[in-house]
Amino acid sequence: MSEASGTPGADAAGAETESTGATGAADAAEAPPGPGFGNYQNDIYLNGLDDRLPPFTTDLTLLGSSAREHLDPGAFGYVAGAAGSGATHRANRAAFERHRLVPRMLRGPGRRDLSTTVLGTRIPAPVMLAPVGVQSIIHPDGELATARAAASVGIPMVLSTASSHTIEQVAEAHGAGNPRWFQLYWPNDDDVCVSILDRARKAGFTTLVVTLDTWTLAWRPQDLDQSYLPFIRGIGTAIPFSDPAFRAGLEKSPEDELIPAVLRWVPMFTGTDHSWDQLPFLREHWDGPIVLKGVLHPDDARRAADASMDGIVVSNHGGRQVDGAIAALDALPPIVEAVGDRLEVLFDSGVRTGSDVLKALALGARSVLVGRPFAYGLAHGGEEGVLHVLRSLLADLDLTLGLSGHRSPADLSPDSLQSGT
Ligand SMILES: Cc1cc2nc3c(=O)[nH]c(=O)nc-3n(C[C@H](O)[C@H](O)[C@H](O)COP(=O)(O)O)c2cc1C
Ligand SMILES: O=C(O)C(=O)c1ccccc1
């Protein structure tokens, strides 16, 4: 039965070898607060004794369909949608299906510890919240709700440049001491770029994630068919609209006159690709680690390492950019082989379950990021919804790790998998 994990804020029954017992009502009832991630399972079963059910499904692969009921059609299409025919979006999931865990038995009792270190930040599990923009289309509390939920479990959030709340508001909701990173959509105005970076640094964002694959939006039929684009309505523009360098270029404030502000921002952050030789500019203006997000080719990974970047996110943006692109999971092994000893390799695109997390780690990722699953949680119930998704994912991860015969992320390697079936 479920064994308490040794995650921070954990637990539990304490003794290294003891099981809390998923159905052991008495044990669990006496356990101190702050159970290991796996104990969410106990909580759910125990609540059932009082006829209380989880707020919504614990099967995170089903959330897309149930989120539809909570969102207007434009917002649902935006979150769930993908580029073109959706081939890459489907390929992301299919790639996970082609790898299977090979569980090991009788490995002895022992405390599980999901924690890991990512770019100098100790985190309780190898899971982070991917940058997801325009969260107010999903729930009015948007990024504030996400920040509070992330803080409750201690896993890092990455705030998008396209946030619906300002950097400072999100930092306040997130709270002091919680790990937070900032994602940059690199504006083609240097003053605005530097000003946004300064604000992020001052607000306690430690690591910069520069997204490379979305310098312009892809052909997205779900959005096109509904003519749905939040930014041209001034949604997801809280960061530039509150920025002094951005506002300095406007005759009237965005609050007084929306259209000129939109017309200034849209071409500033979309439509212009940057180049490798511009990376020193970011290094000059950001004194923490820098991670490049959206790398799929080993040569680009090598270039990132040559440019002294600290990390990369192997990602195809959840299938939202290049339709027909390689599944992100298939891009991971050759990239780890090329640069795994030179920079930290993170992964996203298609992670839905604990088993998916383990597969990405076994193939060499230091941590994964999840996007749509927590966005769907936000749609179901704001902060509580995100929390339910995170607790479910982390409990599933903890239990699946243990049942596969491992105690920590470091135990995983390609040997933990059978691949290609
Ligand atoms: C609604 C939505 C908005 C997103 N906004 C951003 C963004 O602002 N910046 C960014 O780098 N990635 C953005 N992404 C991509 C995610 O960071 C991540 O790469 C992707 O969601 C991972 O795939 P998954 O949804 O299958 O987990 C967005 C994804 C979604 C679904
Ligand atoms: O929709 C996206 O995938 C995305 O990355 C994005 C781009 C610009 C603003 C908000 C989100």
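Residues numbered from 1 in each chain as written. Chains lettered and ligands numbered in written order. Predicted model: local features only at pLDDT ≥ 70, side-chain atom pairs only at ≥ 80, totals over all residues.

(A) Seen up close, the site of ligand 1. As a structural note, the neighbourhood of ligand 1 is formed by 22 residues, with Ala130, Gly133, Ser160, Gly318 and Gly371 the closest of them. Of all the secondary-structure elements, those providing two or more residues to the shell around ligand 1 are α4 (73-80) and α17 (372-403). Residue composition of the shell around ligand 1, by class: 9 nonpolar, 10 polar and 3 charged. (Near = placed C-beta within 6 Å. Helix = DSSP H or I, 4+ residues; strand = E, 2+ residues; numbered from the N terminus. Nonpolar A, V, L, I, M, F, W, Y, C, P; charged D, E, K, R; others polar.)

(B) The arrangement of unusual backbone geometry in detail. The backbone phi angle of aspartate 51 is positive, close to 60°, even though this residue is not glycine. Summarising the element assignment, aspartate 51 is placed in the loop between α2 (39-49) and α3 (63-67). Taking the number of C-beta atoms within 10 Å as the measure of exposure, aspartate 51 has 6 and is therefore exposed. Of note, leucine 106 is a non-glycine position whose phi angle comes to about 50°, a positive value. Looking at where leucine 106 falls in the secondary structure, it is placed in the loop between β1 (99-101) and β2 (116-118). (Buried ≥ 20, exposed ≤ 12 C-beta atoms within 10 Å, placed from the backbone.)

(C) Inspection of the packing of helix α6 (residues 142-153) against α17 at higher detail. Taken N-terminus to C-terminus, the directions of α6 and α17 make an angle of 15°; their axes are 10 Å apart at the nearest point. Taken together, the axes of α6 and α17 are roughly parallel relative to one another. Two packed elements cross with a definite hand, and for α6 against α17 that hand is right-handed. Judged by residue contacts, Ala145, Thr146, Arg148, Ala149, Ser152 and Val153 of α6 engage Phe374, Leu378, Gly382, Glu383, Val386, Leu387, Leu390, Arg391 and Leu394 from α17. Of the residues belonging to the contact of α6 with α17, the class tally is 9 nonpolar, 3 polar and 3 charged. (Axes fitted to C-alpha atoms, helices over the stretch in contact; angles between N-to-C directions. Parallel < 35°, antiparallel > 145°, perpendicular 65-115°, else oblique. Left-handed = near helix turned anticlockwise from the far one by under 90°. Contact = placed C-beta atoms within 7 Å.)

(D) A look at the site of ligand 2. Near ligand 2 you find Gly133, Val134, Ala162, Thr214, Gly236, His317 and Arg320, and these make up its full shell. Broken down by class, the residue content of the shell around ligand 2 amounts to 2 nonpolar, 4 polar and 1 charged.

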